[in-house]
Amino acid sequence: MTDQTQKEVLLELKDYSITFKTPDGDVKAVSNMNLTVRRGERIAIVGESGSGKSQTFLGIMGLLAKNGQTSGQALLEGRDVLALKPRELDKVRGKDMAMVFQDPMTALNPSLKISRQLTEQLEIHRGFTARAASVEALDMLKRVGIPDPTRRFNLYPHELSGGMRQRIVIAMALLTKPKLLIADEPTTALDVTIQAQILDLFNDLTAEMNTALLMITHDLGVVAGLADRVAVMYAGNIVEEAPVDELFEKPAHPYTAALHAAIPRPDQDVDELVVIPGRPPNLQHLPKGCNFSPRCPQVQDDCIDRPPQLETLAPQHCAACFHPFPRREELLTHA
Amino acid sequence: MLDQTSSAPTLLKVENLTTQFEIEAKSFFKKPSVLTAVNDVSFELKEGRTLGIVGESGCGKSTLGRSILQLIRAQKGRVVWQGKNLLDLSEEQIRMARRDMQIIFQDPIASLDPRMTVGDIIAEPLTVFEPKLSRSERLQRVQDIMAAVGLVPEMINRYPHEFSGGQAQRIGIARAVITRPKLIVCDEPVSALDVSIQGQVITLLRKLRKEFGLTLIFISHDLSVVRLISDDVLVLYLGRIVEAGDCATVFSAPAHPYTQALFSAAPIPDPKLARQRSRIRLQGDPPSPMNPPPGCPFQPRCWKATDICRTKMPPTELVRAGQSAACYHMDLPAEA
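Predicted, not measured: the structure shown is a model, and the values here were computed from it.

With respect to the overall build of chain B
A tally of regular secondary structure across chain B gives 11 helices and 12 strands. Taking 20 Å as the expected radius of gyration for a compact globule of 336 residues, we find that chain B reaches 21 Å, a close match to that expectation. For the C-alpha atoms alone, the extent of chain B along its principal axes is close to 65 × 55 × 45 Å. Across chain B, every contact between residues at least 6 apart in sequence was considered, and the portion connecting residues at least 24 apart equals 66%.

Quick notes on the sheet that holds strand β4 (residues 76-81) of chain B
Residue and element names in this part refer to chain B. Strand order in the open sheet formed by four strands is β2-β1-β4-β5, and the pairing between neighbours is antiparallel. Each of the sheet's edge strands pairs with one partner strand only, and the pair in question is β2 (33-46) and β5 (84-85). Direction of pairing for strand β1 (residues 10-23) relative to β2: antiparallel, over a ladder of 10 bridges. Of the residues in β2, the one forming a bridge with valine 14 is phenylalanine 43. Contacts from helix α1 (residues 61-68) reach β1, β2 and β4 within the one sheet, and its direction differs from that of β2 by about 65°.

Thoughts on the UniProt feature "domain: ABC transporter" (unreviewed entry) in chain B
Within this numbering scheme, the UniProt entry marks residues 23-263 of chain B as carrying the feature "domain: ABC transporter" (unreviewed entry). Counted over residues 23-263 of chain B, helix gives 39% and strand 23%. Its end C-alpha atoms are 33 Å apart.

Looking at the pairing of strand β6 (residues 101-104) of chain B
Residues and elements named next belong to chain B. Burial of the side chains of β6 extends over both faces: Met101 and Ile103 are buried on one face and Gln102 and Ile104 on the other. Looking at chain direction, β6 and strand β7 (residues 183-187) are connected through four bridges and run parallel. Residue pairing across strands places isoleucine 103 opposite valine 185, the latter belonging to β7.

Some points on the UniProt feature "domain: ABC transporter" (unreviewed entry) in chain A
Following the UniProt record, one finds the feature "domain: ABC transporter" (unreviewed entry) at residues 13-260 of chain A. As annotated, residues 13-260 of chain A has a helix share of 41% and a strand share of 27%, and its two end C-alpha atoms lie 26 Å apart.

Points about the packing of helix α4 (residues 114-126) of chain A against helix α7 (residues 162-174) of chain A
All names here are of chain A. At a minimum axis distance of 8 Å, the contact between α4 and α7 shows a crossing angle of 20°. It follows that α4 is roughly parallel to α7 by the angle criterion. The crossing of α4 and α7 is right-handed. Only Ile168, Ala171 and Met172 of α7 make contact with α4, whose side of the interface consists of Ile114, Gln117, Leu118 and Gln121. Looking at the contact of α4 with α7, its residues break down into five nonpolar, two polar and no charged.

Considerations on helix α9 (residues 257-265) of chain B
Judged by how many residues are buried, α9 of chain B sits mostly within the fold: eight of nine residues are covered. Of the residues making up α9 of chain B, those classed as buried are Pro257, Tyr258, Thr259, Ala261, Leu262, Phe263, Ser264 and Ala265 of chain B. Among the structural elements, α8 (192-209) of chain A together with α7 (223-229), β9 (232-237), β10 (240-246) and α8 (247-252) of chain B are those in contact with the buried residues of α9 of chain B.

Some remarks on unusual backbone geometry
Residue and element names in this part refer to chain A. For asparagine 32, which is not glycine, the phi torsion reads 40° and is therefore positive. Residues other than glycine seldom take positive phi values, yet glutamine 316 does so here, at roughly 65°. Looking at where glutamine 316 falls in the secondary structure, it is placed in the loop between β11 (311-314) and β12 (317-319). With 14 C-beta atoms packed within 10 Å, glutamine 316 lands in the partly exposed category.

As for the sheet that holds strand β9 (residues 229-234) of chain A
Residues and elements named next belong to chain A. Reading across the sheet, the eight strands line up as β6-β7-β8-β3-β9-β10-β12-β11 and stay open at both edges, with mixed pairing between neighbours. Here the strands that pair on one side only, and so sit at the sheet edges, are β6 (97-100) and β11. If you compare each strand with its neighbour and ignore which way they point, the axes differ by 20° on average. The pairing of strand β3 (residues 42-46) with strand β8 (residues 212-217) spans five bridges and is parallel. Bridged to isoleucine 45 within β8 is isoleucine 216. Against the sheet, helix α1 (residues 53-60) touches β3, β7 (180-184), β8 and β9, its axis set at about 140° to β8. Along the sheet face, α7 touches β6 and β7 and points at about 175° away from the line of β6.

Topic: the interface of chain B and chain A
In this assembly, 36 residues from chain B lie in contact with 39 residues from chain A. The set of elements that each furnish at least two residues to the side of chain B that touches chain A consists of α6 (195-212), α7, α9 and α10 (271-276) of chain B. Counting residues per element, the side of chain B that touches chain A draws most heavily on α6 of chain B, at seven residues. Of the residues that constitute the side of chain B that touches chain A, the class distribution is 17 nonpolar, 10 polar and nine charged.

Considering the environment of aspartate 245 of chain A
Residue and element names in this part refer to chain A. Here aspartate 245 lies in helix α10 (residues 244-249). C-beta crowding within 10 Å serves as the criterion here: with 16 such atoms nearby, aspartate 245 is assigned to the partly exposed category. Separated by 58 residues in the primary sequence, aspartate 245 and threonine 187 have C-alpha atoms spaced 22 Å apart.

Some points on the nonpolar core
Ala171, Leu214, Val223 and Val230 of chain A together with Ile122, Ala174 and Val235 of chain B are the most contacted members of the largest nonpolar core, which has 193 residues in total. Of all the elements, α7 of chain A adds the most residues to this core, at eight residues.

Observations regarding the confidence of the model for chain B
It should be kept in mind that the predicted coordinates are not to be read in detail where pLDDT is low. Averaged over chain B, the pLDDT score is 91; the fraction of residues at 70 or greater is 96%. Among the scores for the predicted complex, ipTM is 0.83 and pTM is 0.88.

Details of the pairing of β10 of chain B
Residues and elements named next belong to chain B. Counting buried positions over the seven residues of β10 gives seven, a clear majority of the element. Pairing geometry for β9 and β10, over six bridges, is antiparallel. Each residue of the ladder has a partner; that of tyrosine 237, found in β10, is arginine 240. If you look at the hairpin formed by β9 and β10, you'll find two residues sitting between the two strands, and leucine 238 has a positive phi there, around 50°. Inspection of the sheet shows β10 paired to strand β12 (residues 323-325) by three bridges, in the antiparallel sense. Each bridged residue has a counterpart across the sheet, and for alanine 244 the counterpart in β12 is serine 324.

What counts and what doesn't
- Residues numbered from 1 in each chain as written.
- Chains lettered and ligands numbered in written order.
- Predicted model: local features only at pLDDT ≥ 70, side-chain atom pairs only at ≥ 80, totals over all residues.
- Helix = DSSP H or I, 4+ residues; strand = E, 2+ residues; numbered from the N terminus.
- Rg over C-alpha atoms; globule rule 2.2 N^0.38 Å.
- Contact = placed C-beta atoms within 7 Å.
- Pairing = 2+ DSSP bridges.
- Axes fitted to C-alpha atoms, helices over the stretch in contact; angles between N-to-C directions.
- UniProt positions renumbered as here; feature names shortened; annotations may be inferred.
- Buried ≥ 20, exposed ≤ 12 C-beta atoms within 10 Å, placed from the backbone.
- Parallel < 35°, antiparallel > 145°, perpendicular 65-115°, else oblique.
- Left-handed = near helix turned anticlockwise from the far one by under 90°.
- Nonpolar A, V, L, I, M, F, W, Y, C, P; charged D, E, K, R; others polar.
- Core = buried A, V, L, I, M, F, W, Y, C linked by C-beta atoms within 7 Å.
- pLDDT = per-residue confidence, 0-100.

Dropping the structure here:
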């Protein structure tokens, strides 16, 4: 936890939105988002299914479904990646920014050996010869903790365990020494003991390579040990953003607070579990006011009337709520 | 070894249960190999208590749950239920016994027939076990149970695809409790749900347990969720119970190195604590149940393993009242 504000800006999202055209009309999956990522910083994007957390970054990578449209700006080192032509984007993607997905099996090509999948990027993006690429790739396999890398180098993805496959995908992503690594639920499909190994790996390698990490997850527990800063998304909007300690100690938005209080803990007995009633809104029929207002335990008239904007409440801490900082007792609803 | 002090009568007793699967050989000339999914598992479950079964993928926790309900037939051992060994019963006898033992599955949508209405899905167990009920009596029972699990009456004629995961799980729960069973096996019932919905379903299970006097077997990979709902806990590794006991004791001082590692790997939603605590870093993956290591199943990943661990399976021993574990080195203080 060092002060990150002094570092150089790497990625800046400005008024960034994603709209999907559907037969039932347009659906805004991400609305007018602003986010700054500095070099080497670790940011967690937390949200539940449908919050738009994955789409946000698929959009930046140019990987949206065909009916998806981005607007606004996504400046990577000052250059708007949303405006790049496909050919230009290919040069940035995989080199300056790389992505790790939830399911390592679908991220790997089942018909190619591990060796081929790893060396490809070095040859394409960094102009390595086949031999030099093999040496470099093998070295990376060691660094991501693959036991017996020389033998595994020549295996196919199906011959490896889930944890091992995810290590391969991480090795693949880091080979080109990207400035930004986007990891979308990278440990959700893994067992806890393997999850802990992979999180350690992210921790060590991004620090070592000064790579900025954007960790997309539904799990606040995973975030606690890894991130410097957290942005919480709800129904396509960032509803709160804060340094990790502050977000856990003094959550300002009732959604963040409830989400935090709703997590069962392995190290404590919980007699009365905080339950968030209802479910996230349908993006096609968003409420007029605050998106969380139908589920909010402390909703008031102004919340239903108009949507709150993100406001700075403390240095580096902002939230979109008219009545921030709920007390725990206010969150206890009896379902 | 689970809470013997409780005065409640025993509902279920499992003795030396072993479930094996034959895996087809790759070549015609080779013998099929045997995978032991559940290996010599014994425990006792008192009425009204909730038993959590924890372990990672492939540890046999779901197979154990299904072997108890006889959805998978075990090869060895006994499952004693109401004085009878379920392994000795015929299919028909087991079918009738299932009225008292139900299951809730992980994937709430996939476990519901997409072509049946919610009302028909929930009523189905009644048509099997209480065929004499009149149409209006059955409808009344369905409506009552829907109210109890928090489904609004208008949903009765809708189809499963119209529901979110959390609501679909409520339908699955309604179907399981409508025959007023004594035991419900919940197989990862909240794993597919968002955190905010997970809490709703657990709260519902806790409420129903009280209202209907249910005994639950709660299977999960998530220690935190198990802690929320269970009285007792079994930790499974490669088909074997490595540690068992009442939750409070096991959670406050896990004795088996694997349990300790599992606790230490569980994410804690508190940044300061998460940074401070020293974690046990396990090396490698769990071994394949097709090819288990000799001796203790955990020894290839265990930092305490010695020669004896590599040759002989450690016996299950009492750690303290309400806690037992199978480890030669469990008395040593936990290493960081």
